[in-house]
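Single-letter residue listing:
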Amino acid sequence: QVQLVESGGGLVQPGGSLRLSCAASGSTFSSYDMRWYRRAPGKQRELVAAITSGDSTNYSDTVKGRFTIVRDNAKNTVYLQMNSLKPEDTAVYFCNAHRVRNGIVRDYWGQGTQVTVSS
């Protein structure tokens with residue numbers, strides 16, 4: 001069982017930066033693939049960035065070059081550094097922990113944190 005708590009969202013002007021944090025409970029954090037999703041008003045959930053248990057990363061084309069996902073296994077935390085923010089980045093951002101082991105799928109979600117990019 002993994003509990004996830006996001007933080008770091010807020011209001012920022014276009015071109016600004018935010019760093020989102022996702023703190024995880026438990027002792028198996030390092031074995032999970034960690035992902036950031038977002039859901040903008042009136043739109044479907046979108047995968048923003050992912051980092052595997054082996055530290056491979058993947059980004060949505062819309063954020064590539066602007067966002068960076070990192071993990072600190074010692075702190076049970078994954079971060080999303082968001083630079084050069086655009087109004088279209090406005091969304092609720094969710095942290096997700098995902099693991100498949102021995103045919104068992106485990107998938108956990110945080111409560112979300114609001115990011116608003118506006119002048």
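Residues numbered from 1 in each chain as written. Predicted model: local features only at pLDDT ≥ 70, side-chain atom pairs only at ≥ 80, totals over all residues. Heavy atoms only, no water.

1. A look at the environment of threonine 57
And step 1. For threonine 57, the position within the fold is in strand β6 (residues 57–59).
And step 2. Judged by its relative accessible area of 41%, threonine 57 is partly exposed.
And step 3. Setting aside anything within four residues of it in sequence, one finds threonine 57 in contact with Ala50, Ile51 and Ile69. (Helix = DSSP H or I, 4+ residues; strand = E, 2+ residues; numbered from the N terminus. Buried < 20%, exposed > 50% of the residue type's maximum accessible area, 1.4 Å probe, protein only. Contact = heavy atoms within 4.5 Å.)

2. Let's talk about the packing of aromatic side chains
And step 1. Overall, the coordinates contain two aromatic pairs when judged by the stated rule.
And step 2. Between the aromatic rings of tyrosine 37 and tryptophan 109, the centroid separation amounts to 4.9 Å while the plane-to-plane angle is 50°, which identifies the pairing as tilted. Within this pair, whereas tyrosine 37 is found in strand β4 (residues 33–39), its partner tryptophan 109 is found in strand β10 (residues 104–109), the two being separated by 72 residues in sequence.
And step 3. Look at tryptophan 109 and you get partly exposed, because its relative accessible area is 33%.
And step 4. The positively charged end of arginine 45 is found above the aromatic ring belonging to tyrosine 37, 4.9 Å away from the centroid.
And step 5. The positively charged end of arginine 71 is found above the aromatic ring belonging to phenylalanine 29, 4.8 Å away from the centroid. (Phe/Tyr/Trp six-rings, centres within 6.5 Å; stacked < 30°, edge-to-face > 60°. Lys NZ or Arg CZ within 6 Å of the ring centre and 35° of its normal.)

3. As for the sheet that holds strand β3 (residues 18–24)
And step 1. If you walk across this open sheet you meet the four strands as β1-β3-β8-β7, and the pairing is antiparallel. Whereas interior strands pair on both sides, the edge strands pair on one side only; in this sheet they are β1 (4–7) and β7 (67–72). Strand after strand, the sheet turns through a mean of 15° between neighbouring axes, direction not considered.
And step 2. Pairing analysis gives six bridges linking β3 to strand β8 (residues 77–82), with the strands arranged antiparallel. (Pairing = 2+ DSSP bridges. Axes fitted to C-alpha atoms, helices over the stretch in contact; angles between N-to-C directions.)

4. Observations regarding the nonpolar core
Considering soluble globular proteins, one finds that nonpolar side chains tend to be buried as a cluster.
And step 1. By size, the foremost hydrophobic cluster in this structure holds 30 residues, and its most contacted members are Leu4, Met34, Trp36, Val78, Leu80 and Tyr93.
And step 2. Filtering out sequence-adjacent residues up to four positions away, leucine 80 remains in contact with Leu18, Arg19, Leu20, Trp36, Val48, Ala49, Phe67, Thr68, Ile69 and Tyr93. (Core = buried A, V, L, I, M, F, W, Y, C linked by side-chain atoms within 4.5 Å.)

5. Regarding the environment of proline 14
And step 1. Its location among the elements puts proline 14 in the loop between β2 (10–12) and β3.
And step 2. Judged by relative accessible area, proline 14 falls into the partly exposed class, the value being 39%.
And step 3. Along the sequence, proline 14 and asparagine 83 sit 69 residues apart, while their C-alpha atoms lie 9.5 Å from each other.
And step 4. Sequence-distant contacts of proline 14, defined by excluding residues within four places in its chain, comprise Leu85, Pro87, Val117, Ser118 and Ser119.

6. A short note on the pattern of salt bridges
And step 1. Taken as a whole and assessed by the stated rule, the structure comprises four salt bridges.
And step 2. Between aspartate 61 and lysine 64 there is a salt bridge whose closest N-O contact spans 3.3 Å.
And step 3. On the basis of relative accessibility, which here comes to 67%, the residue aspartate 61 falls in the exposed class.
And step 4. A salt bridge links aspartate 89 to arginine 66, with the nearest nitrogen and oxygen atoms 2.8 Å apart. Residue aspartate 89 is located in the loop between β8 and β9 (91–101), and its partner arginine 66 is located in the loop between β6 and β7; the two are separated by 23 residues in the primary sequence. You'll find aspartate 89 and arginine 66 in the same group, each marked buried.
And step 5. Among the charged side chains, a salt-bridge network with shared partners connects Arg38, Glu46, Arg66 and Asp89. (Salt bridge = Lys/Arg side-chain N within 4 Å of Asp/Glu carboxyl O.)

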